[in-house]
Amino acid sequence: MSENQNLLAEQRRALIVDEVRRRGGVRVNELTRKLGVSDMTVRRDLDALARQGVLEKVHGGAVPVVEASTHEPGFEAKSGLELTAKEDIARAAAELVAPGSAIALSGGTTTYALAQHLLDVPDLTVVTNSVRVADVFHAAQRTSGQRQGAATVVLTGGVRTPSDSLVGPVADQAIASLHFDLLFLGVHGISLEAGLSTPNLAEAETNRRLVQSARRVVVVADHTKWGTVGLSSFAKLEQVDTWVTDTGLPDEARDEVSEHVRQLVVAGEPEAADGDADEASEDDAEN
């Protein structure tokens with residue numbers, strides 16, 4: 001079977017992970033038919049995903065990894081997953097930021113992607129407990145110099161987690177004295193029962209302080225976070241003003257989320273055509 005050139009490796013691997021999670025396991029020959037690629041390509045993808053710890057290879061296929069609620073993947077392990085979704089989410093979330101705002105970005109690979117879209121927003125004050133997020137802004141300043149309108153970045157102190165977030169009493173005390181217009185929050189898991197959760201107890205407390213200091217809470221999380229529950233909950237869904245996610249979130253989940261979250265933004269979803277909007281207006285006028 002000829003290789004499907006229309007799918008990038010990261011897109012193909014994201015589809016494999018979705019299929020494994022949805023079905024509880026999948027065989028190599030099923031993936032070759034579905035993706036239109038060779039057995040060798042699928043096996044290489046499974047090897048890469050197994051090294052990242054997102055699935056387990058078994059004879060002839062793969063099954064989901066059964067993770068303990070205390071398991072916390074490192075930044076590098078998460079950075080290669082759902083790249084297209086994270087980019088769509090980051091682009092949509094950046095549109096919520098007005099020049100001159102005071103914003104906070106928590107740790108995570110999606111907030112890291114968002115930071116790169118905020119470099120050209122003038123006069124921001126950015127508070128973050130993410131070493132990676134702070135590096136995005138500092139690297140931009142080193143490259144282009146201290147340009148007018150560049151963001152002022154405040155990096156909290158604290159103890160570093162596997163996801164390169166700074167947490168603990170030092171971070172908590174720094175955050176408690178601040179107030180943000182917007183908080184962009186990456187999460188390990190989000191569900192109806194547990195709300196927002198993380199496997200790291202110290203990070204849960206730091207995230208609580210971030211939520212308490214924000215006028216508006218925006219969760220940036222792709223669809224794979226839905227239904228995942230970490231050891232410690234730190235916020236209810238009702239405390240979330242906006243969830244920016246991607247098109248992979250099922251319709252049923254969207255309906256459930258919309259009953260609790262004030263606004264659900266699905267990034268990457270095509271907007272209704274102008275013609276459809278005009279027809280709807282005409283129908284309303286007739287009625």
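So, how was this worked out
- Residues numbered from 1 in each chain as written.
- Predicted model: local features only at pLDDT ≥ 70, side-chain atom pairs only at ≥ 80, totals over all residues.
- Heavy atoms only, no water.
- Helix = DSSP H or I, 4+ residues; strand = E, 2+ residues; numbered from the N terminus.
- Contact = heavy atoms within 4.5 Å.
- Expected span 1.5 Å × (residues − 1).
- Buried < 20%, exposed > 50% of the residue type's maximum accessible area, 1.4 Å probe, protein only.
- Axes fitted to C-alpha atoms, helices over the stretch in contact; angles between N-to-C directions.
- Parallel < 35°, antiparallel > 145°, perpendicular 65-115°, else oblique.
- Left-handed = near helix turned anticlockwise from the far one by under 90°.
- Nonpolar A, V, L, I, M, F, W, Y, C, P; charged D, E, K, R; others polar.
- Salt bridge = Lys/Arg side-chain N within 4 Å of Asp/Glu carboxyl O.
- Pairing = 2+ DSSP bridges.
- Polar contact = N/O pair within 3.5 Å; in protein donor to acceptor, adjacent residues only side chain to side chain.
- Core = buried A, V, L, I, M, F, W, Y, C linked by side-chain atoms within 4.5 Å.

Colleague: What am I meant to see in the side chain of T156 here?
Modeller: Position of T156 relative to the elements: it lies in the loop between β6 (152-155) and β7 (159-160). When residues no more than four places from it in sequence are discounted, the contact partners of T156 are V127, T128, N129, L166, A171, A174 and I175.

Colleague: Just checking my understanding: could you explain helix α5 (residues 83-94) for this structure?
Modeller: In a regular helix each residue adds 1.5 Å, so 12 residues correspond to 16 Å; α5 covers 16 Å between its end C-alpha atoms and thus fits that length. The complete set of buried residues in α5 reads A85, K86, I89, A90, A92, A93 and A94.

Colleague: Looking at this structure, I do not really get the packing of helix α6 (residues 109-117) against helix α7 (residues 131-144). What am I missing?
Modeller: The axes of two packed helices give the description: the angle between them and the distance between them. Where α6 meets α7, the axes come as close as 9 Å, and the angle between the chain directions of the two elements is 15 degrees. One element, α6, and the other, α7, form an angle in the roughly parallel class. Pair α6 / α7 crosses with right-handed handedness. Here α6 contributes T111, Y112, A115 and Q116 to the contact with α7, which in turn contributes R132, V133, V136 and F137. Here the contact of α6 with α7 is composed, by residue class, of five nonpolar, two polar and one charged.

Colleague: Would you explain the pattern of salt bridges in this entry?
Modeller: Two side chains with opposite charge may pair up if their charged atoms get near one another. Taken as a whole and judged by the stated rule, the model has 14 salt bridges. Residue R132 pairs with D164 through a salt bridge whose shortest N-O separation is 2.5 Å. Of this pair, R132 sits in helix α7 while D164 sits in the loop between β7 and β8 (166-167); the two residues are 32 residues apart in sequence, bridging distant segments of the chain. What you see here is one network of salt bridges that share partners, running through R12, R13 and D45.

Colleague: Sorry if this is basic, but what is going on with the sheet that holds strand β13 (residues 232-235) here?
Modeller: Judged by pairing direction, the sheet is antiparallel, and its three strands sit side by side in the order β10-β11-β13 without closing on themselves. Each edge of the sheet is formed by a strand with only one pairing partner; in this case those strands are β10 (189-191) and β13. Each adjacent strand pair in this sheet contributes to an overall mean axis angle of 35 degrees, direction not counted. Docked against the sheet, helix α9 (residues 201-212) engages β11 (195-198) and β13, running at close to 5 degrees with respect to β13.

Colleague: Could you clarify how one ought to interpret α7 in this entry?
Modeller: Since one α-helical turn is 3.6 residues long, residues separated by three or four positions face the same way. If you check α7, its first and last C-alpha atoms are 20 Å apart, about what 14 residues at 1.5 Å a residue would give, namely 20 Å. Its side-chain oxygen at 3.3 Å from the backbone nitrogen of R132, S130 defines the N-terminal cap of α7.

Colleague: Any chance you could explain the sheet that holds strand β5 (residues 125-128) here in plain terms?
Modeller: Whenever strands of a sheet pair, they do so through backbone hydrogen bonds, lying parallel or antiparallel. Spatial ordering of the open sheet is given by β6-β5-β4-β9-β12-β14-β15, a layout of seven strands whose pairing is parallel. Pairing within the sheet leaves two strands with one partner each, and these edge strands are β6 and β15 (263-267). Averaged over all neighbouring strand pairs, the angle between strand axes comes to 20 degrees, with direction disregarded. Of the strand pairs in this sheet, strand β12 (residues 217-220) and strand β14 (residues 242-246) are connected by three bridges, and their pairing is parallel. Bridging from a neighbouring strand, V219 pairs with W243 of β14. Where α7 meets the sheet, its contacts fall on β4 (102-105), β5 and β6, and the angle it forms with β6 comes to roughly 155 degrees. Along the sheet, α9 makes contact with β4, β9 (182-185) and β12, crossing β9 at roughly 150 degrees.

Colleague: Looking at this structure, how should I read the pairing of strand β2 (residues 55-58)?
Modeller: Successive side chains on a regular strand alternate, one facing one side of the sheet and the next facing the other. Pairing of β2 with strand β3 (residues 61-64) involves four bridges; the strand directions are antiparallel. Bridging from a neighbouring strand, L55 pairs with P64 of β3. Hairpin connection of β2 to β3: two residues between the antiparallel strands, including G60 at a positive phi of 85 degrees.

Colleague: Help me understand the pairing of β12 in this model?
Modeller: Neither face of β12 is exposed, since V217 and V219 on one face and V218 and V220 on the opposite face are all buried. As paired strands, β9 and β12 are joined by three bridges and run parallel to one another. Considered in β12, the bridge of L183 is made with V217.

Colleague: Would you mind showing me how to read the side chain of T32 here?
Modeller: Relative to the elements of secondary structure, T32 occurs in helix α2 (residues 28-35). Looking at T32, its side chain comes within polar contact range of the main-chain oxygen of N29, at 2.7 Å.

Colleague: Just to check I follow, could you spell out the environment of A115 for this structure?
Modeller: With respect to the secondary-structure elements, A115 resides in helix α6. Through-space distance from the C-alpha of A115 to that of R91 is 9.9 Å; in sequence the pair is 24 residues apart. For A115, the residues in contact, after removing those within four places along its chain, are L105, V133, V136 and F137.

Colleague: Please clarify how the environment of L114 should be interpreted in this entry.
Modeller: Within the element layout of this structure, L114 appears in helix α6. Sequence spacing of L114 and K86 is 28 residues, and the spatial spacing of their C-alpha atoms is 8.4 Å. Apart from residues no more than four positions distant in its own chain, L114 is found in contact with A90, A93, A94, L105 and F184.

Colleague: Help me understand the nonpolar core, please; the structure alone is not making it clear to me.
Modeller: Soluble globular proteins tend to pack their nonpolar side chains together in the buried interior. Residues L105, L118 and F184 are the most contacted members of the largest nonpolar core, which totals 27 residues. Those elements that place two or more of their residues in this core are α5, β4, α6, α7, β9 and β12. No other element matches the five residues that α5 contributes to this core. Of all hydrophobic cores here, the second largest spans 26 residues; its members include L196, L210, A221 and V240.

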